[in-house]
Amino acid sequence: MKDIHKSFGHLEVLKGVTLNVEKGEVVVIIGPSGSGKSTFLRCINKLEKVNHGEVYIDGTLLLDNRHDIRMMRQTIGMVFQSFNLFPHLTVYENISLGPRKALGMPKQQIDNIVDSLLAKVGLSEKKQSYPHQLSGGQQQRIAIARALAMQPKAMLFDEPTSALDPELIGEVLSVIKTLAQEGMTMVIVTHEMNFAREISDRVVVMADGKIIEEGPPDIIFTAPKEPRTKVFLRSVIDKV
Amino acid sequence: MNLSAVWEYRIVIIQGFLVTLQLSGLAIICSTLFGFLSGFFLSGPSRILRYPFKIYVEVFRGSPLLLQLFMIFFGFPYLGIPITLFQTAIFVFTLYGGAYIAEIVRSGIESIPKGQFDAAASIGLTYPQTMITVILPQAMRVSLPPLVGFYIGLIKDTSIASVIGYMEVVKEGQAVINVTSRPFDVYIVISILYFIICYPLSLFVTWIERKTQTL
């Protein structure tokens, strides 16, 4: 991503953000609320239109036409803060919808994928349940499985645990950790600092619509250079 | 009350009632098709497509049905376009009903959280796929009660077509009154006939409302 600018009306939310993510890399974005982290993530797969700036995948520039946007969304999975499962569909239907409609995969293959993904997120017995019958943590794990069913090259996580009760956060984080161990390329926006430190290859600190600092987690969390990073980390750690 | 005079002309009333049923059925089908289409465009992403439909809805909701029937039935021949009673009725009820249904569909679609659109987009669905598989099934839960409620109104509104001479049940009833001079008896019978179609629909609304509440 190069020099992403995004405004909502007169409010400039992103003031030129450039981020390069390598294959297999886990990048965690942290920063105070309102700094543009989530907006930036949504710009990556163009859920928000960017005013200015370019997105590249595997070196190819993504154009703003429908075909490119759809191809790219099929290549990059996304997990939302509020899960956004389809409430009128069962777990099986939620996960299989993308492969069936967008990829046109045969049913046999879809069934295999759904079964293995449900096993991976530890919810095989919930295949025929509806989202409202599941806890928040279970819903988020299904949402991860739904994104993975598209066989994405990379995954975006937009504060995946912010809407969860504290006791349910762990089960979601452990699924994400498994993905990291398997070498999935991921960009994660989170407020879970311990998790960020543990999982990330690189931490990006955003404030006020810009990246103010980035580096390996050990350095960012122990010896940040930017005063704003220090203030932010202190305020987060005080809360805990 | 003496229904024997009405009974004598039962064939006429039944004939009118069948016409009312036919007109109601066609009005519901055509206005639903056109209303859903308009509702999609009203809530759709394209501004160029949205505005003409917005104007259409406001125009047809903003003028009396009676006037619309007059305008088309007398206005079209005046402009040199021949139009039959049947064509007028179908044309007007489609546009009139479509305008209300478009608003019902639009508000149903807009009641669906934006996250549902995001999630559907994030798994690569196209806009039509998103509408059909994700948004509409959820929007219908919201829209079905007001939709069926509107159908009840539309069935009763078909009686207005009698003023341009459409031979539906009210118009046929008036013919029977002319012969029998028993307006009260005839109108009572016709009211009961309307009630027989509308009441089950009303029960149906209550039933789906109860059913969707438990979900």
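For clarity, every value in this text was computed on a predicted model and none was experimentally measured.

Definitions and limits used
Residues numbered from 1 in each chain as written. Chains lettered and ligands numbered in written order. Predicted model: local features only at pLDDT ≥ 70, side-chain atom pairs only at ≥ 80, totals over all residues. Heavy atoms only, no water. Contact = heavy atoms within 4.5 Å. Buried area = accessible area lost by both parts, 1.4 Å probe. Salt bridge = Lys/Arg side-chain N within 4 Å of Asp/Glu carboxyl O. Helix = DSSP H or I, 4+ residues; strand = E, 2+ residues; numbered from the N terminus. Buried < 20%, exposed > 50% of the residue type's maximum accessible area, 1.4 Å probe, protein only. Pairing = 2+ DSSP bridges. Axes fitted to C-alpha atoms, helices over the stretch in contact; angles between N-to-C directions. Core = buried A, V, L, I, M, F, W, Y, C linked by side-chain atoms within 4.5 Å. 1 Å grid on protein atoms, 1.4 Å probe; cavity = no way out; pocket = protein on both sides within 12 Å on 5 of 7 lines; lining within 4 Å. Points joined across faces, edges and corners; volume = space filled by probe spheres on them. Nonpolar A, V, L, I, M, F, W, Y, C, P; charged D, E, K, R; others polar.

Enquirer: Which parts of the structure should I look at to understand the interface of chain A and chain B?
Expert: Interfaces are often sized by the amount of accessible area the parts lose when they come together. Each partner contributes residues to the interface: chain A has 20 residues there, and chain B has 18 residues. Both sides together, the interface formed by chain A and chain B hides about 1700 Å², and carbon and sulfur atoms give 63% of it. In terms of surface lost to chain B, no three residues of chain A exceed F86, H88 and K101 of chain A, which account for 31% of the buried area on that side. Our enumeration of links across chain A and chain B arrives at one salt bridge. Salt-bridge contacts for R42 of chain A lead to D118 of chain B; the nearest nitrogen and oxygen are separated by 2.9 Å.

Enquirer: Is there a simple way to think about the side chain of S38 of chain B in this case?
Expert: All names here are of chain B. Within the element layout of this structure, S38 appears in helix α2 (residues 10-43). Relative accessible area serves as the criterion here: at 0%, S38 is assigned to the buried category. Apart from residues lying up to four places away in sequence, S38 is in contact with F53, Y56 and A102.

Enquirer: Which parts of the structure should I look at to understand the sheet that holds strand β10 (residues 202-207) of chain A?
Expert: Strand pairing in a sheet relies on backbone hydrogen bonds. The paired strands run either parallel or antiparallel. Residue and element names in this part refer to chain A. Judged by pairing direction, the sheet is mixed, and its six strands sit side by side in the order β7-β8-β9-β3-β10-β11 without closing on themselves. With one partner strand each, in any of the chains shown, β7 (76-79) and β11 (210-215) form the two edges of the open sheet. Taken over all neighbouring pairs, the strand axes of this sheet differ in orientation by 20 degrees on average, direction set aside. For β10 and β11, the ladder comprises five bridges, and the chain directions are antiparallel. The residue bridging M206 from the neighbouring strand is I211, located in β11. Where helix α1 (residues 37-44) meets the sheet, its contacts fall on β3 (26-30), β7, β8 (154-158), β9 (185-189) and β10, and the angle it forms with β8 comes to roughly 150 degrees.

Enquirer: Whenever I open this one, the nonpolar core confuses me. Can you help?
Expert: Grouped burial of nonpolar side chains is what soluble globular proteins tend to show. Residues F40 and F86 of chain A together with F93 and V169 of chain B are the most contacted members of the largest nonpolar core, which totals 81 residues. Top contributing element to this core by residue count: helix α7 (residues 127-157) of chain B, with eleven residues. Once residues lying within four places of it in the same chain are set aside, the contact partners of F93 of chain B are L23, A27, S31, L65, G98, L154, D157, T158 and A161 of chain B. Listed in part, the 52 residues of the second largest apolar core include V79, I110, A145 and V205 of chain A.

Enquirer: Which parts of the structure should I look at to understand the layout of surface pockets?
Expert: To find leftover empty space, one rolls a probe the size of a water molecule over the atoms. Roughly 1500 Å³ of internal volume is contained in the largest pocket. Taken together, 34 residues form the lining of the largest pocket, with R73 of chain A together with P45, F117, A121 and Y127 of chain B sitting closest to its centre. Listing elements by their share of the lining of the largest pocket, those giving two or more residues are β1 (2-8) and α2 (66-75) of chain A together with α2, α5 (85-110), α6 (114-122) and α7 of chain B. Here the lining of the largest pocket takes five residues from α7 of chain B, the largest share from any one element. For the lining of the largest pocket, the per-class residue count stands at 16 nonpolar, seven polar and eleven charged. Looking at the second largest pocket, it is lined by 23 residues, and the ones nearest its centre are V21, Y56, I57, D58 and T185 of chain A. Across the lining of the second largest pocket, the residue classes tally to 13 nonpolar, five polar and five charged.

Enquirer: What should I look at first to understand unusual backbone geometry in this one?
Expert: Trans is the common state for peptide bonds, and a negative phi is the common state for residues other than glycine. All names here are of chain A. Notably, Q151 is not glycine yet its phi reads approximately 55 degrees, a positive angle. In this structure, Q151 sits in the loop between α5 (136-148) and β8. A positive phi angle is found at E159, which is not glycine, with a value near 45 degrees. As for its placement among the helices and strands, E159 is situated in the loop between β8 and α6 (166-181).

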